[in-house]
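Reading the structure
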Amino acid sequence: MSNQPWWRHAVIYQVYPRSWADADGDGLGDLPGITSRLEHLADLGVDALWLSPFYVSPQNDGGYDVADFRDVDPLFGTLADFDALVERAHDLGLRVVVDVVPNHTSSEHPWFQAALAAGPGSPERARYVFRPGRGDDGSEPPNNWQSKFDGPAWTRTTDPDGSPGEWYLHLFDSSQPDLDWTNPEVHAELESVLRFWLDQGVDGFRIDVAHGLVKADGLPDADLALDETRDRSSLLPMWDQPGVHDVYRRWRALVEEYRGTQTALWGEDDDRMLCGEAWVQPAEALAAYVRPDELHQTFNFSFLMTPWRADALRASVDDALARAGAVGAPQTWVLSNHDVGRHATRLGRSDATQVAEVEGIGPHDEQPDPVLGLRRARAATALMLALPGSAYLYQGEELGLPDHTRLPDEVLQDPTFARSGGTRHGRDGCRVPVPWASDGPSLGFGPGEPWLPQPPEYADLAPGRQRGAEGSTLELYRRLLRVRRELGLGTTTLAWLPDAPPDVLALRLVDADGVPVAEVRTNLSDAPVPLPAGEVLVASGDLDDGRLPSDTTVWTRPAGS
Ligand code: NOJ
């Protein structure tokens, strides 16, 4: 077994607190609900959970609009509930990673309220990005930047005397003003927030919008066509600016101070981990975030954005491994999260072999094929969980949950929907509360009406229906995770097998001593292909009389080993 630090190979399960389990019956998930369900994660066989924000927030962007970085929103519970969650998770051998949101605060944060009250030129405004408008009367935004949720990235303020005032920058919703990272006070505050949660016993952080903190000097206009494609984020003035790396060097040194403070729990494997959410292209630019003195990991969104095609997937895996390897970092893999359509839904789209569209689907859009989607999703997960490095799972994917693709407009809460004038359906479909039971008003999510309605098909996907059932998605995930751990797949090296038929991904995983421990094949062609010799360890679907059907992945023990 490997003696590499946990973050180089861990499987980390994302919990979106609003939607995992509701203990108090208000329809929204909460921390006691999560604690009550942690055994599900221990039983599944993951190493850690990552909690999306549960901090004090008006919830305009699902909690990514934080009004107090150091406290739990009463909607989710109390700091004592958080302590209980961490203690229970640690007892079960699960590490706890929390979100930190350093790019912006909520407009309800006391700093922003003070900035509005203090007026232009004040130290309070200098914590945010306030600027006068363009044009004779300042009525034009200071530059052409667009919010990621549509519309301009600037909102004009009103001065205390009622006249129009300065504008403030918000790369996301207007209720999420961007902090100014040229201000040392901002650095000091966020570092103190990291220490606060480390002192509560957390094992790491997922850093929201990690590539956005530092903006180009002078805030020049952006090439908006480039912003749309996300192809070269480093050429845009609001993303991936060189100064952001200094922030992460300091943060790395900070979290390293905590190494060795939890050896009673973890022995020598006692690192705190930083994972950046950085939508940065090309891959070399992303790899710069995981140089040895910066972050431990970044999400590899290119894999998630790859069409379901053998050539594209192979190139994506190769590129990702090479880039991370060049700086000595582990690669990470992810297929679903709270911002993109779930992969069981995406891969059922009619265009899934050509593009990887991550936008949510609404009732007026073409509906995906659920059977094909789930079949491919299981194959994709089986491929992902074999790959060297660390992997992220999103709550409910182990149940095979699809998105809710028919949510009516009236229930939508993602600001994307309103800001785009209803042209973008938004991300609510992948955030629907998890079914824990096959009946009851919210399928076991909690005693009240869930904050978003669940689709009827969720009833059959509850864990009770799947546990112990041969061929169920839950049992597939449990087996994949068990075999991955037993064989130490996360710390292996990947070699492509030369004999693979076209449209079949075939790879061998080799341990540190050069011993092949498993072979993996994913059939992306539309006909079955012969199975290799060797014991079948796990397959994502039924095997067809010694053959591997299309859209299926199999792990085998290499013949002779
Ligand atoms: C990324 C988060 O994952 C997303 O949910 C949020 O809307 C934006 N960052 C802004 O914080």
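Scroll up for the structure.
This section reports on the structure supplied with the text. The structure displayed is predicted, hence computed values, not measured ones.

1. Observations regarding the packing of helix α13 (residues 370–384) against helix α16 (residues 473–487)
At their nearest, the axes of α13 and α16 sit 10 Å apart, and the two run at 10° to each other. In terms of orientation, α13 and α16 fall into the roughly parallel class. Across the interface between the two elements, Leu374, Arg378, Thr381, Ala382 and Met384 from α13 touch Thr473, Leu476, Tyr477, Leu480 and Arg484 from α16. Here the residues of the contact of α13 with α16 sort into 6 nonpolar, 2 polar and 2 charged.

2. Digging into the site of the ligand
Taken together, 14 residues surround the ligand, and among them Asp61, Arg206, Asp208, His338 and Asp339 come closest. Here an oxygen atom of the ligand sits 2.6 Å away from a polar atom, N or O, in the side chain of Asp208. Here an oxygen atom of the ligand and a side-chain polar atom of Arg427 are 3.0 Å apart. Split into classes, the residues belonging to the shell around the ligand amount to 4 nonpolar, 3 polar and 7 charged.

3. Thoughts on the pairing of strand β5 (residues 95–100)
Burial analysis of β5 places 6 of its 6 residues in the buried class, the great majority of the element. Strand direction decides the pairing type here: β5 and strand β9 (residues 204–207), joined by 4 bridges, are parallel. Within β9, the position partnered with Val100 by the bridge is Ile207.

4. Overview of the pattern of salt bridges
This structure, assessed with the given rule, holds 42 salt bridges. Among the ionic pairs, Arg467 bridges to Asp43, the shortest N-O distance being 3.7 Å. Of this pair, Arg467 sits in the loop between α15 (463–466) and α16 while Asp43 sits in helix α2 (residues 38–44), and the two are 424 residues apart along the sequence. On the basis of relative accessible area, Arg467 is assigned to the partly exposed category, the value being 42%. A salt bridge links Arg206 to Asp208, with the shortest nitrogen-to-oxygen separation between them at 2.8 Å. For the residue pair Arg206 and Asp208, the accessibility class agrees, reading buried in each case.

5. Considerations on helix α5 (residues 184–199)
With 16 residues, α5 extends 23 Å between its outermost C-alpha atoms, agreeing within 8% with the 22 Å of an ideal straight helix rising 1.5 Å per residue. Those residues of α5 that sit buried are Val186, His187, Glu189, Leu190, Glu191, Val193, Leu194, Trp197 and Leu198. By the N-cap criterion, in which a side-chain oxygen at the helix start approaches the backbone nitrogen of a residue two or three places on, α5 is capped by Asn183, the distance to Glu185 being 2.9 Å. Just downstream of α5 lies Gly201, where phi reads positive at about 100°.

6. As for the environment of Val515
As for its position among the elements, Val515 is in the loop between β15 (504–510) and β16 (516–523). According to the relative accessible area criterion, Val515 is partly exposed, its value standing at 38%. Linking Val515 and Ala495, residues 20 residues apart in sequence, is a C-alpha distance of 12 Å. Excluding anything up to four places from it in sequence, Val515 contacts Leu509 and Val510.

Each value, and the rule that gives it
Residues numbered from 1 in each chain as written. Predicted model: local features only at pLDDT ≥ 70, side-chain atom pairs only at ≥ 80, totals over all residues. Heavy atoms only, no water. Axes fitted to C-alpha atoms, helices over the stretch in contact; angles between N-to-C directions. Helix = DSSP H or I, 4+ residues; strand = E, 2+ residues; numbered from the N terminus. Parallel < 35°, antiparallel > 145°, perpendicular 65-115°, else oblique. Contact = heavy atoms within 4.5 Å. Nonpolar A, V, L, I, M, F, W, Y, C, P; charged D, E, K, R; others polar. Near = heavy atom within 4 Å. Polar contact = N/O pair within 3.5 Å; in protein donor to acceptor, adjacent residues only side chain to side chain. Buried < 20%, exposed > 50% of the residue type's maximum accessible area, 1.4 Å probe, protein only. Pairing = 2+ DSSP bridges. Salt bridge = Lys/Arg side-chain N within 4 Å of Asp/Glu carboxyl O. Expected span 1.5 Å × (residues − 1).

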